[in-house]
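Inside the fold
The primary structure of each chain is shown beneath.
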Amino acid sequence: MRTRKGRPRKILAQRRADSNGTNLQGFLKTAESLAEIGRGFYARGWVLGTSGNFSAVVAREPLRLAITSTGLDKGGLTPAQFLEIDDKANVRRGDGRPSAEALLHLAIVRSENAGAVLHTHSVWSTVLSGAEARRGGLALEGYEMLKGLAGVATHKHREWLPILENSQDMVELADRVSEALREKPGTHGFLLQDHGLYTWGESLAEAKRHVEILEFLMEVVVRCGAAPNA
Ligand SMILES: [Zn+2]
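These notes cover the structure that comes with them. (Residues numbered from 1 in each chain as written. Predicted model: local features only at pLDDT ≥ 70, side-chain atom pairs only at ≥ 80, totals over all residues. Heavy atoms only, no water.)

With respect to the pairing of strand E2 (residues 64-68)
Remember that side chains alternate between the two faces of the sheet whenever the strand is regular. Formally: Three exposure classes are used, based on accessible area relative to the maximum for each residue type with a 1.4 Å probe and protein chains only: buried under 20%, partly exposed in between, and exposed over 50%. Each helix corresponds to a stretch of at least 4 residues labelled H or I by DSSP, and each strand to a stretch of at least 2 residues labelled E; elements are numbered beginning at the N terminus. We treat two strands as partners when DSSP finds at least two bridges between them.
With five of five residues buried, E2 lies mostly within the body of the structure. Residues of E2 alternate between two faces, with Arg64, Ala66 and Thr68 on one and Leu65 and Ile67 on the opposite face, all of them buried. Here strand E1 (residues 53-59) runs beside E2; their pairing, made up of four bridges, is antiparallel. Residue Ser55 lies in a different strand from E2, and its bridge partner there is Ile67. Linking E1 to E2, which pair antiparallel, is a turn of four residues. Of the pairings in the sheet, the one linking E2 to strand E3 (residues 82-85) comprises four bridges and is antiparallel in character. Bridged to Leu65 within E3 is Ile85.

The structure is reproduced here in structure tokens:
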């Protein structure tokens, strides 16, 4: 059920009863933005079949993330489907379970001081993360669109997206993610093999832009029929 302004009644009731100590207004606003971005990504075909997950930092001390709960159809994503989790992925607000991949979001936030983390399962990232796995990563170089990545000022930039072996053991995978990010400071994202893309940003707007840039470039690479780092 929704109120006239469109907010689920449950969330409004929760706001009145809030005793968590974090900023509920901030959480709701962030969840609305994440839901809108998620629906947009679904429309682009990047998060079909309940795949993908999205998070943003709502507090740093103590750390709190707004994050999608697991198993959702991203085409109809609503703010009420977001959880607030702490630095151990325990749910502090909302109903449902966080995705197992919440540990990866937390690892990225810690390693990169990111404000938001977005994860997609596009056809393009799935194709390239498998085809280029033996090289350990995917190089993107020479494209004007690279200038959409934070801190990149020229098409001559070479962006290296590490490709990590996929795993269902998220504790182990989160450790490998942290290690890969330590080894390659300044990277804007990575691929999980035969799985998808993780990228992030200082802000949610920056993270969204990075998804758009990297998905665009991966589609270009696949459509051109060859990765440029042969
Ligand atoms: Zn995934």
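Focus: the sheet that holds strand E9 (residues 196-201)
Two modes of strand pairing occur in sheets, parallel and antiparallel, and in both the strands are linked by backbone hydrogen bonds. Short version of the rule: Comment: axis = line fitted to C-alpha atoms, over the contacting stretch for helices; angle = value between 0 and 180 degrees taken between N-to-C directions. In this description, contact between two residues means that some pair of their heavy atoms is separated by no more than 4.5 Å.
Reading across from one edge, E4-E3-E2-E1-E5-E9-E8-E7-E6 is the order of the nine strands in this open sheet, with mixed pairing throughout. Looking along the sheet, the strands with just one partner apiece sit at the ends: strand E4 (91-93) and strand E6 (137-141). Averaged over all adjacent pairs, the angle separating strand axes in this sheet is 25°, with direction ignored. Packing against the sheet, helix H4 (residues 123-131) makes contact with strand E5 (116-120), E6, strand E7 (158-164), strand E8 (189-192) and E9, and its axis sits at approximately 75° to E8. Along the sheet, helix H6 (residues 204-224) makes contact with E5, E6, E7, E8 and E9, crossing E9 at roughly 145°.

What about the environment of Leu217?
If you trace the backbone, Leu217 turns up in helix H6. Distance in space between the C-alpha atoms of Leu217 and Leu146 is 8.1 Å, their sequence separation being 71 residues. Those residues in contact with Leu217 that lie beyond four places of it in its chain are Leu140, Tyr143, Met145 and Leu146.

A short note on the coordination of the zinc ion
Let me state the cut-off plainly: Counted as donors are the N, O and S atoms within 2.8 Å of the metal, or 3.2 Å for Na, K and Ca, while water is not among the atoms, so some sites may look incomplete. The geometry test gives tetrahedral to four donors whose angles all lie between 85 and 135 degrees, gives square planar to four donors and octahedral to six donors whose opposite members are over 155 degrees apart with all other angles between 65 and 115, and gives irregular to the rest.
Looking at the metal site, the zinc ion is ligated by Glu101 (OE), His119 (NE2), His121 (NE2) and His195 (NE2), spaced 2.1 to 2.5 Å from it. Given four donor atoms and angles of 91 to 151° at the metal, the environment of the zinc ion is assigned as irregular. Donor residues for the zinc ion, ordered by position in the chain, follow E-x17-H-x1-H-x73-H. You can see Glu101 sitting in the loop between E4 and helix H3 (102-112) and its partner His121 sitting in the loop between E5 and H4, a full 20 residues away along the chain.

Scope: geometric values only; no functional claims are made or implied.
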